[in-house]
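Listed below are the residues making up each chain.
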Amino acid sequence: MAATTGTEMTRIVVDETKCIKCGACAVECPSFCIKWTKGAAPVTSTTMCSKCGHCAAVCPVGALSWENRSLEADFPPIRPELTVSEAQIEQLVRSRRSIRRFLPGPIPQAKIDRLLEITHYTQTSGNTQMIEYLVLVTPEQVRKYAVPVVEWIKAKNLPYSQYVTSQWDVGQDPIFRGAPVVIIALSPAVVQFGMPDIDGSIALTTLSMVAPSLGLGTCWAGFFQLAVKEYAPLQALIPEGKVCVGAIMVGEPVPVHRRLVPRNPVKSICLFLQKLSPNPGHDGLSAWCGLSNTMMRARIVHLAYGSTRPWPVYHLGAIHSTPRPNANTQSHSKRNLWEGVSRAPSMLLRQSTLTTPEQPPTDHPATPPAQTVRPIRKNNCLVCGADLVYRTSSAPEKSGSHHEGTQGGARCVVCGGVFYDVMVTCGRGHFVCDSCHSADAVHAILSVCAESDTSDPLSLAYSLLEFPSVCMHGPEHHFLVPAVLITAYHNTLGSPREKKLSDLKAAKKRSSEVPGGWCGFCGCCGGAVGVGIFLSVVQNATPMSTREWSCSNQGTGAALQSLASIGGPRCCARATFNGVLVGQHFSAVKLGVHFTKPSNVVCNVFKNNKQCLGSKCPFHPHASVQSRSQYTQTLQTTCGASHHWE
């Protein structure tokens, strides 16, 4: 199966011996070139492919490539160990300085080649990849392009004309600052599609960020860029049929910068939707589809209808508070609104069917077209939907399995990393590491809690449990418990948002160290540990603390005992509800901070759990009197907490 792409007639090749028919490639394709129906391999439908490579990049099993391209050589797996941290990225951006003093002498050709090789991978509008580079590498070439710039400045009698002239007349170079190399970004003079000016700026900005890794410094050639826009003698030096879309000086820097410098405060605008169209699926919502993933993740859009009834609505990762369900009334679940839609919050919705308060959700909402659907794996394998297999010892390597060639380890089908002592895979051998499993969910939890103003951790937990990226079971719950407790704690106290966000980030980091499956493999549920994380973070506890150390460990112990009294098998929703109740009690008794008291605790996601205990679980809508009584008694015994069921 192949797709003809662009004018070069490159084809997308699908290896059906590897394809698991998950549809990820069709969902990700921005040009709608690939169609997919459940249970079938993807097929092509148009010739609009832009060769962006999203399909091959997102395929979990490496089943897609291009004709005449090597999968291993041209589509290598992303290496998690090379991923830079947030702190490293911040320092890279803040430490980049414009260099205006360069060491004399030529730059090795290999360095320039490597600089451009990395730079050319940067994004371009519509994947047009039209940017080319004119590289000046000798003093004679650099001066040849500087002379007409000086002429233009003198003729224009600009404010800086005297400065440029005086410097030039004494043998200095105010245009290119004595840089041994000047790189000029070019694009076709006539384009039918794309934004070459922006592409050139992105490319040279990327180049300036890459240069320090090669021992080079850069500075934008502003005088040259101004002159080349209107001075014909300078334009004549540009190759025929091309125009300059940016220029930058490159060389080995003289100055050594030892400190970061401040910037003016960030000025940003946060958009809030005040109402939606009364017509479901109205185009007014689709305007949000144009936002970048960064903006969608940066802010949670609160949808306010001006109604006293808090109807649950999701759109593009947005969340609105939801009423707590109880055993006697049927709540309208947000899960219905996401039926058949991707579990990843970063994915754009191509069709939206939202319901206003005047039109309650139906039992069978409209489902997007088959090619835009990715199955939700809330309970099973995230790749194929098969049941998970838990082992008491790490799985040995099997010939022909997805772990082949990993020398005893298991390869994550998402990031490609190899992990050892893996205890959980699906029946078909698929393995997803903890980081990939919970990445989207953890980001959503952090974003929602940072923006929430509720002092009710239970209502916040309800909303997050129904979030599409939060699976029924997984390490994301290890962060969910402390996150909702920290949010309620600081909102109750009226703490500054910065303090709440700082504590949330600390809990996120600590909870990421708790592996999935610890409840069974180590006898220590991550949700219970989350209670201890909450108490430790808000009290600034350390291993050398006294009262705070004791309180944190007591919280974890109480959560473990009360959860264990219910019995197995594991249920992360059960662990979340238990952790919230225990954490809320410890906050009131040990910290003196009283949250909004929950009127009832009834599970809203039990249908997603194949191993649900049913009436034996005190949080089930139809829980037996005995199960609730036993759990309440355990709470009273372990931490002195009491809970009255309605």
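A brief structural summary. (Residues numbered from 1 in each chain as written. Predicted model: local features only at pLDDT ≥ 70, side-chain atom pairs only at ≥ 80, totals over all residues. Heavy atoms only, no water.)

### Focus on the packing of aromatic side chains
- Evaluation of the coordinates by the stated rule reveals seven aromatic pairs.
- Here tryptophan 66 and phenylalanine 75 contribute two aromatic rings whose centre-to-centre distance is 5.3 Å and whose plane-to-plane angle is 90 degrees, an arrangement assigned as edge-to-face.
- Positioned above the aromatic ring of tryptophan 66 is the side chain of lysine 51, whose terminal nitrogen or guanidinium carbon lies 5.7 Å from the ring centre. (Phe/Tyr/Trp six-rings, centres within 6.5 Å; stacked < 30°, edge-to-face > 60°. Lys NZ or Arg CZ within 6 Å of the ring centre and 35° of its normal.)

### Overview of the sheet that holds strand E7 (residues 181-188)
- The sheet built from four strands is open, its strands ordered E6-E7-E9-E8 with antiparallel pairing. The open sheet has two edge strands, strand E6 (132-136) and strand E8 (217-220), and neither has a second partner. Taking the axes of each pair of neighbouring strands and ignoring which way they run, one obtains an average angle of 30 degrees across the sheet.
- Packed on one face of the sheet, helix H5 (residues 109-119) meets E6, E7 and strand E9 (242-251) and runs near 160 degrees to E6.
- Across the sheet, helix H8 (residues 196-210) touches E6, E7, E8 and E9, and the angle it forms with E9 is around 10 degrees. (Pairing = 2+ DSSP bridges. Helix = DSSP H or I, 4+ residues; strand = E, 2+ residues; numbered from the N terminus. Axes fitted to C-alpha atoms, helices over the stretch in contact; angles between N-to-C directions. Contact = heavy atoms within 4.5 Å.)

### Structural notes on the pattern of salt bridges
- One pass over the full model with this rule turns up nine salt bridges.
- Close ionic contact of arginine 69 with aspartate 74 constitutes a salt bridge, the shortest N to O distance being 3.6 Å.
- The exposure class assigned to aspartate 74 is partly exposed, which follows from its relative accessible area of 35%.
- Across the pair glutamate 81 and arginine 79 runs a salt bridge whose closest N-O atoms are separated by 2.9 Å. (Salt bridge = Lys/Arg side-chain N within 4 Å of Asp/Glu carboxyl O. Buried < 20%, exposed > 50% of the residue type's maximum accessible area, 1.4 Å probe, protein only.)

### What about the pairing of E7?
- Of all eight residues that make up E7, seven are buried, and the element is covered over most of its length.
- Bridging between E6 and E7 involves five bridges; their strand directions are antiparallel. Following the sheet pairing, tyrosine 133 is matched in E7 by alanine 185.

### Focus on H8
- Over its 15 residues, H8 runs 21 Å from end to end, which matches the ideal 21 Å to within 8%, given 1.5 Å per residue.
- Among all positions of H8, only Pro196, Asp199, Gly200, Ala203, Leu204, Leu207, Ser208 and Val210 are buried.
- On the buried face of H8, the contacting elements are H5, E6, E7, E8 and E9. (Expected span 1.5 Å × (residues − 1).)

### Digging into the packing of helix H15 (residues 476-493) against helix H16 (residues 497-511)
- Close contact between H15 and H16 brings their axes to 9 Å; oriented N to C, the two are set at 160 degrees. Taken as axis vectors, H15 and H16 run roughly antiparallel relative to one another. At the point where H15 passes H16, the crossing takes the right-handed sense. In contact with His478, Phe479, Pro482, Ala483, Ile486, Thr487, His490 and Asn491 of H15, H16 contributes Lys499, Lys500, Asp503, Leu504, Ala507, Lys508 and Ser511. (Parallel < 35°, antiparallel > 145°, perpendicular 65-115°, else oblique. Left-handed = near helix turned anticlockwise from the far one by under 90°.)

### A word on the environment of isoleucine 248
- On the secondary structure map, isoleucine 248 appears in strand E9.
- Isoleucine 248 sits 65 residues away from isoleucine 183 along the chain, and the two C-alpha atoms are 5.4 Å apart.
- The contacts of isoleucine 248, once residues within four sequence positions are left out, are Val181, Val182, Ile183, Leu204, Leu207, Ser208, Thr218, Cys219, Trp220 and Ala221.

### A closer look at the nonpolar core
- In this structure, Val484, Phe577 and Phe619 are the most contacted members of the largest nonpolar core, which totals 65 residues.
- Looking at this core, the elements with two or more residues in it are helix H13 (434-451), helix H14 (457-465), H15, H16, helix H18 (526-538), helix H19 (547-564), helix H20 (572-590) and helix H21 (625-639).
- If you tally residues by element for this core, the top one is H15, at nine residues.
- Counting 32 residues, the second largest nonpolar core, distinct from the first, contains Phe102, Val149, Cys219 and Ala247. (Core = buried A, V, L, I, M, F, W, Y, C linked by side-chain atoms within 4.5 Å.)

### With respect to unusual backbone geometry
- The step from glycine 568 to proline 569 runs through a cis peptide bond, and the omega angle for that step is 5 degrees.
- Along the polypeptide, proline 569 turns up in the loop between H19 and H20.
- Positive phi, close to 60 degrees, is recorded for lysine 21, a residue that is not glycine.
- Among the secondary structure elements, lysine 21 is positioned in the loop between strand E2 (10-14) and helix H1 (24-28).
- Even without being glycine, lysine 51 reaches a positive phi, approximately 60 degrees.
- Structurally, lysine 51 can be placed in the loop between strand E4 (43-44) and helix H2 (54-58).

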